[in-house]
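Topology and contacts: notes
Here are the chains, one letter per residue:
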Amino acid sequence: AQSVTQLDSQVPVFEEAPVELRCNYSSSVSVYLFWYVQYPNQGLQLLLKYLSGSTLVKGINGFEAEFNKSQTSFHLRKPSVHISDTAEYFCAVSRRTAGNKLTFGGGTRVLVKP
Amino acid sequence: GAGVSQTPSNKVTEKGKYVELRCDPISGHTALYWYRQSLGQGPEFLIYFQGTGAADDSGLPNDRFFAVRPEGSVSTLKIQRTERGDSAVYLCASSENPGQGNLAEAFFGQGTRLTVV
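Everything numeric in this text was worked out from a predicted model, so none of it was measured.

**Let's talk about the interface of chain A and chain B**
Counting from both sides, the interface comprises 19 residues of chain A and, opposite them, 21 residues of chain B. Buried surface at the junction of chain A and chain B, summed over both partners, amounts to about 1600 Å²; 56% is from carbon and sulfur atoms. Notably, a salt bridge pairs Lys101(A) with Asp56(B), separated by 2.8 Å at the nearest N-O pair. Counting across the interface, chain A meets chain B through five residue pairs in polar contact (both at pLDDT 80 or more). Looking at the side of chain A that touches chain B, the elements that each hand over two or more residues are strand S5 (31-38) and strand S6 (44-50) of chain A. Take the side of chain A that touches chain B: its biggest share by element is four residues, from S5(A).

**Some thoughts on the environment of Gly43(A)**
On the secondary structure map, Gly43(A) appears in the loop between S5 and S6. Note on Gly43(A): relative accessible area 15%, which makes it buried. If near-sequence neighbours (up to four positions away) are discounted, Gly43(A) is found in contact with Val37(A), Gln38(A), Gly109(B) and Gln110(B).

**Focus on the pattern of salt bridges**
Residue and element names in this part refer to chain A. Enumeration over the complete set of coordinates arrives at 11 salt bridges over all chains. Put simply, Arg-77 and Glu-20 hold a salt bridge, and the shortest N to O gap is 3.8 Å. Residue Arg-77 is found in strand S9 (residues 73-78), and its partner Glu-20 is found in strand S3 (residues 19-21); the two are separated by 57 residues along the sequence. We classify Glu-20 as partly exposed; its relative accessible area is 38%. With its nearest N and O atoms 2.8 Å apart, the salt bridge here joins Lys-78 to Asp-85. Pair check on accessibility: Lys-78 and Asp-85 agree, each one buried. Within the structure, one salt-bridge network assembled from shared partners comprises Glu-20, Lys-58, Glu-64, Glu-66 and Arg-77.

**Quick look at the state of the cysteines**
Residue and element names in this part refer to chain A. Applying the stated criterion to the full structure yields two disulfides over all chains. Two residues, Cys-23 and Cys-91, share a disulfide whose sulfurs are 2.0 Å apart. Negative torsions about the S-S bond denote left-handed disulfides, and the value of about -65 degrees found for Cys-23 with Cys-91 makes this one left-handed. Of this pair, Cys-23 sits in strand S4 (residues 23-26) while Cys-91 sits in strand S10 (residues 87-95); the two residues are 68 residues apart in sequence, bridging distant segments of the chain.

Each value, and the rule that gives it
- Along each chain, the written sequence defines residue order, and numbers are assigned to residues from 1.
- To label them, take the chains in the order written and letter them from A, then take the ligands in the order written and number them from 1.
- Only residues with pLDDT of at least 70 are given local features in this predicted model, and only at 80 or more are side-chain atom pairs given and counted; all residues enter the totals for whole chains, interfaces and linings.
- In computing side-chain values, all of the structure's heavy atoms are included and hydrogens and water are not.
- Should any heavy atoms of two residues lie within 4.5 Å, those residues are counted as being in contact.
- Note on definitions: buried area is the accessible-area loss of two parts on being combined, 1.4 Å probe, summed for both.
- A pairing counts as a salt bridge when a side-chain nitrogen of Lys or Arg comes within 4 Å of a carboxyl oxygen of Asp or Glu.
- Residues adjacent in sequence count toward polar contacts only when both atoms are side-chain atoms; beyond that, a polar contact is any pair of N or O atoms within 3.5 Å, and within protein one must be able to donate a hydrogen and the other to accept it.
- Going along the chain from the N terminus, every DSSP run of H or I of four or more residues is numbered as a helix, and every run of E of two or more is numbered as a strand.
- Only protein chains enter the area calculation, which uses a 1.4 Å probe; residues under 20% of their type maximum are buried, those over 50% are exposed, and those in between are partly exposed.
- A pair of sulfur atoms, both from cysteines and within 2.5 Å, is called a disulfide here.

So this is what it looks like as structure tokens:
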């Protein structure tokens, strides 16, 4: 079985400051890794995913994440946030043979302050 | 349609009643997933359909929960004898055929908020 831990439940950050959201996972098999964003009153939207290859993954809206196999981490970063980045962010994993059967972390709520 | 559509958006029901939640996936998507998101938590997998068949129903919590997808498109999640603990947002997602060694993006609907009183 897989598990995902998002270490911060809430992250307040000022506009134009950088932000990092931490994600650690546990799995006995190789996994795919994902970050999803959930804006207020909207569905989950894929930000980025790691399937294989380069460990630095770039996604939409200026976000990027780095896969670290030795530390079983997949932290999400953005160098300069906007008010519109206020949302809840979910890290997720799936077994490579299980497609989009995702195991999600508990989420990190990002509040961008002016 | 443009995206995954879930109806109703909100459902309030009394304890013990039966409810049905509907999911209209993106046209042509063969894979369909149901998740449940309780307050303050991440979504939890319930069931996965590939076409008309349930390929993986390991996440269904008990036999009060059942889902169908008779024509390989629209899916209905059915909950019998609802309990207050069933209150959550039920999310549906669809994707193209995952394929072997490849992964198609899953697109999520906005969910149905179920409240059992």
